[in-house]
Amino acid sequence: MSTAHLTLIGKPGCHLCDDARAVVDTVLEQLATEPGSPDVALEEKSILDDPALHELYVEDIPVLLINGRVHNYWRIDPVRLHTALLEVR
């Protein structure tokens, strides 16, 4: 079975980041009940703790990476995320 590594980049007090986290959590709950879904490891990072991330994404948070590649930023679409995770090999 494959594993998807999600990285949610944001910062404390960011309402869009909170919204993105809720979407990710909901999609992961749905996937957990679907046979053949990939395992998913979720990591959260703050731009306040990492100068390089701050430089890259200060205007774009929240940013969601799948296996190190940008999947989306600002608003996370649950259908698009669900589909992308099912395609992880």
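Numbering of residues begins from 1 in every chain and follows the order in which that chain's sequence is written. Restriction of local features to residues with pLDDT of at least 70 applies here, the model being predicted, together with a cutoff of 80 or more for giving and counting side-chain atom pairs; totals for whole chains, interfaces and linings are based on all residues. Water and hydrogen atoms play no part in the side-chain values, which are based on all heavy atoms of the structure.

Looking at a nonpolar patch on the surface
Now for step 1: Patch membership requires over 30% relative accessible area and the absence of a salt bridge. Like charges are linked within 9 Å, and nonpolar side chains (Val, Leu, Ile, Met, Phe, Trp, Tyr) within 5 Å. Per-residue and other accessible areas follow the Shrake-Rupley method at a 1.4 Å probe size, with only the shown protein chains counted as cover for residues. Any carboxyl oxygen of Asp or Glu that lies within 4 Å of a side-chain nitrogen of Lys or Arg is treated as forming a salt bridge with it. A contiguous nonpolar surface patch, about 300 Å² in accessible area, is contributed by Val70, Tyr73 and Trp74.
Now for step 2: Going along the chain from the N terminus, every DSSP run of H or I of four or more residues is numbered as a helix, and every run of E of two or more is numbered as a strand. Along the chain, Trp74 turns up in the loop between strand 4 (69–73) and helix 3 (78–86).
Now for step 3: Judged by its relative accessible area of 42%, Trp74 is partly exposed. Note on exposure labels: buried denotes an accessible area under 20% of the residue type's maximum, exposed denotes more than 50%, and partly exposed covers the range between, all computed with a 1.4 Å probe on protein chains only.

Things to note about the state of the cysteines
Now for step 1: Whenever a pair of cysteine sulfur atoms sits within 2.5 Å, that pair is classed as a disulfide. Tallied over the full model, the rule gives 1 disulfide.
Now for step 2: Paired by a disulfide, Cys14 and Cys17 hold their sulfur atoms 2.5 Å apart. The sign of the S-S torsion, about 75 degrees, decides the handedness of the disulfide formed by Cys14 and Cys17: right-handed.

Concerning the sheet that holds strand 1 (residues 3–10)
Now for step 1: When DSSP finds two or more bridges between two strands, those strands count as paired. With mixed pairing, the 4 strands of this open sheet are ordered in space as 2-1-3-4. Of all the strands in the sheet, the pair left with one neighbour each is strand 2 (39–46) and strand 4. Adjacent strand axes in the sheet meet at a mean angle of 25 degrees, parallel and antiparallel pairs treated alike. The axes used here are C-alpha line fits, helices contributing only the stretch in contact, and every angle between their N-to-C directions lies in the interval 0 to 180 degrees.

Section: the packing of aromatic side chains
Now for step 1: Ring geometry is summarised as follows: Phe, Tyr and Trp rings, the Trp one being its six-membered ring, pair when their centres sit within 6.5 Å, and such pairs are stacked at plane angles under 30 degrees, edge-to-face over 60 and tilted between the two. With the rule as written, the count across this model stands at 1 aromatic pair.
Now for step 2: Geometrically, the ring pair formed by Tyr73 and Trp74 is edge-to-face, given 4.7 Å between the ring centres and 75 degrees between the ring planes.

Remarks on helix 1 (residues 15–32)
Now for step 1: What a helix should span is 1.5 Å times the count of its residues minus one. Its 18 residues place the ends of helix 1 26 Å apart at the C-alpha level, agreeing with the 26 Å of an ideal helix rising 1.5 Å per residue.
Now for step 2: Residues of helix 1 that are buried include every one of Leu16, Cys17, Ala20, Val24, Val27, Leu28 and Leu31, and no others. Seen along its axis, helix 1 keeps its buried residues to an arc of 105 degrees; they face one direction. Facing away from the buried side of helix 1 by more than 90 degrees, the exposed set consists of His15, Glu29 and Ala32.
Now for step 3: Against the buried residues of helix 1 lie strand 1, strand 2, strand 3 (63–66) and helix 3. Directions drawn from the helix axis to the C-beta atoms are what define this arc. Pairs of residues are marked as contacts when any of their non-hydrogen atoms sit within 4.5 Å.

Here we look at the pattern of salt bridges
If the charged atoms of two oppositely charged side chains come close together, the side chains can form a pair.
Now for step 1: All chains considered together, the criterion is met by 3 salt bridges.
Now for step 2: The partner of Asp18 in a salt bridge is Arg21, and the shortest N-O contact between them spans 3.0 Å. Placement of both Asp18 and Arg21 in helix 1 is noted, with a separation of 3 residues, approximately one turn of the helix.
Now for step 3: Looking at Asp18, the relative accessible area reads 40%, which means it is partly exposed.
Now for step 4: For Asp19, the salt bridge goes to Arg75, with nearest N and O atoms at 3.8 Å. Of the two residues, Asp19 is situated in helix 1 and Arg75 in the loop between strand 4 and helix 3; the sequence distance between them amounts to 56 residues.
Now for step 5: Taking the relative accessible area as the measure of exposure, Asp19 reaches 39% and is therefore partly exposed.
Now for step 6: Note on Arg75: relative accessible area 55%, which makes it exposed.
Now for step 7: Salt bridges linked by common partners bring Asp18, Arg21 and Glu44 together as one network.

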